[in-house]
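Per-entry structural report
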Amino acid sequence: MIRTERKYIEILRILKEHRDPVGAKRLSELMAERGFVLSDRAVQYYLSYLDSMGFTEKIGNQGRILTPAGVLETDNALVDDRIGFVISKLERLAYRSTFDPATGTGDVAYNLSFVSKDDLDRALVAFDEVIRAGCGFFNSYRLLDNDPRVPPDCVGVITLCSITMDGLFQRNGIPVKMAYGGRLEIENNVPQRFRDLIGYRGTTIDPLELFISSGLTSIHDFTRTKTGIALANVREVPRSAQGDIKHIIRLMNDCGFIYPVTMGNHVFNLPDTSYRLSIVAYSGLNYIGNCVEQGIAIRTEIGAGNIPFSKVAEINR
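Here's a quick rundown of the structure. Treat the numbers as computed from the prediction; the structure is a model and nothing was measured.

1. Things to note about the environment of Thr 300
Secondary-structure assignment places Thr 300 in strand E11 (residues 298-308). In the structure, Thr 300 is positioned 91 residues away from Glu 209 in sequence and 9.2 Å away in space, judged by C-alpha atoms. Non-local contacts of Thr 300, meaning those with residues more than four positions away in its chain, are made with Asn 111, Leu 112, Ser 113, Leu 285 and Ile 288. A polar atom in the side chain of Thr 300 sits 2.8 Å from the side chain of Ser 113.

What follows is the structure, given as structure tokens:
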């Protein structure tokens with residue numbers, strides 16, 4: 001285990017998120033975005049130590065990459081150090097989202113999935129099932145061509161991430177808290193209650209990804225019978241902002257976004273919050289969950305980045 005200093009762990013994480021070598025100057029910029037202000041020279045010092053530990057490798061003048069030992073070290077970083085990493089990543093995506101629903105322009109946050117070319121037709125049928133059932137966050141998806149992140153034998157599929165709404169609320173002066181990810185029970189197309197909830201600020205893994213990998217959803221049943229368990233997120237916003245929030249939601253609905261499931265200060269079996277509204281929204285990961293339930297191999301990078309809305313709004317399916 002390397003020294004228990006956040007800077008080392010953060011550098012390893014950045015390198016893990018990039019397929020290509022990253023130079024010291026770029027690392028310095030990315031570290032600053034995460035709250036670590038380091039000079040290029042200081043970054044070089046940290047990299048020299050990581051090189052000596054065998055966790056990073058210099059590729060000519062291009063920069064550093066992670067070694068297999070570095071990948072393992074990153075995955076095994078102290079648990080308490082990794083708590084909050086998921087929400088921090090999502091908050092960065094929210095900050096970078098510049099979408100304006102009034103004009104349909106700006107950047108939105110997205111998830112990127114990789115599907116084998118042999119399984120693509122089945123996967124797109126599963127995606128379309130979620131769209132028809134109305135349990136995705138956005139009513140379309142986008143196939144990705146000519147992207148170096150996509151393996152040669154796969155196709156990339158972009159789905160919009162619900163963190164886009166957080167960025168929009170924030171830019172309109174509305175504080176928003178990404179509170180929980182949960183399993184929402186639905187009967188005859190009527191949401192009833194949350195089976196389970198996991199708080200985003202106390203976890204080292206995305207809660208919804210955990211529910212999918214544990215086989216705790218029945219999204220495919222819901223798409224066929226209107227009864228099942230789907231994935232949803234819970235956000236909390238000031239109750240005093242309700243009028244502005246409803247206006248923003250209407251504009252987003254006009255652009256193809258499908259939310260909320262419901263909104264109020266006491267919804268389903270959530271705690272009663274007198275001064276805050278809970279906004280429940282279906283997750284874009286219902287697309288992925290429906291594939292997994294049907295045995296379709298799919299790998300997804302949650303919160304892969306930001307992309308102009310126009311590139312996703314052009315329906316490609």
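Picking up after the structure, the text goes on.
2. A word on the sheet that holds strand E5 (residues 154-160)
On the basis of which strands lie adjacent, the open sheet formed by four strands has the order E4-E5-E3-E11 and antiparallel pairing. Strand pairing shows two members of the sheet lacking a second neighbour, strand E4 (142-144) and E11, which therefore form its edges. Here the strands of the sheet are splayed against their neighbours by 35 degrees on average, with no regard to which way each runs. Sheet topology places strand E3 (residues 107-116) next to E5; seven bridges connect them, and they run antiparallel. Bridge pairing in E5 places Phe 114 opposite Gly 156.

3. Observations concerning the pairing of strand E1 (residues 56-59)
Strand residues, when the strand is regular, have side chains that alternate between the two faces of the sheet. Two strands pair when backbone bridges link them, and E1 and strand E2 (residues 63-66) are joined in this way by four bridges, in the antiparallel orientation. In the sheet register, Lys 58 faces E2, and the bridge partner there is Arg 64. Remark: three residues form the turn of the hairpin made by E1 and E2, two consecutive strands paired antiparallel; Gly 60 in that turn has positive phi of roughly 55 degrees.

4. Focus: the sheet that holds strand E8 (residues 228-238)
Pairing in this open sheet of five strands is antiparallel, and the strands run E7-E6-E8-E10-E9 from one edge to the other. For this open sheet the edge positions go to strand E7 (190-199) and strand E9 (262-264), each flanked by a neighbour on one side alone. Ignoring which end each strand starts from, the neighbouring axes of this sheet average 30 degrees apart. Here E8 runs beside strand E10 (residues 276-282); their pairing, made up of seven bridges, is antiparallel. The residue of E10 that forms the bridge with Arg 235 is Ile 279.

Rules used throughout
Residues numbered from 1 in each chain as written. Predicted model: local features only at pLDDT ≥ 70, side-chain atom pairs only at ≥ 80, totals over all residues. Heavy atoms only, no water. Helix = DSSP H or I, 4+ residues; strand = E, 2+ residues; numbered from the N terminus. Contact = heavy atoms within 4.5 Å. Polar contact = N/O pair within 3.5 Å; in protein donor to acceptor, adjacent residues only side chain to side chain. Pairing = 2+ DSSP bridges. Axes fitted to C-alpha atoms, helices over the stretch in contact; angles between N-to-C directions.

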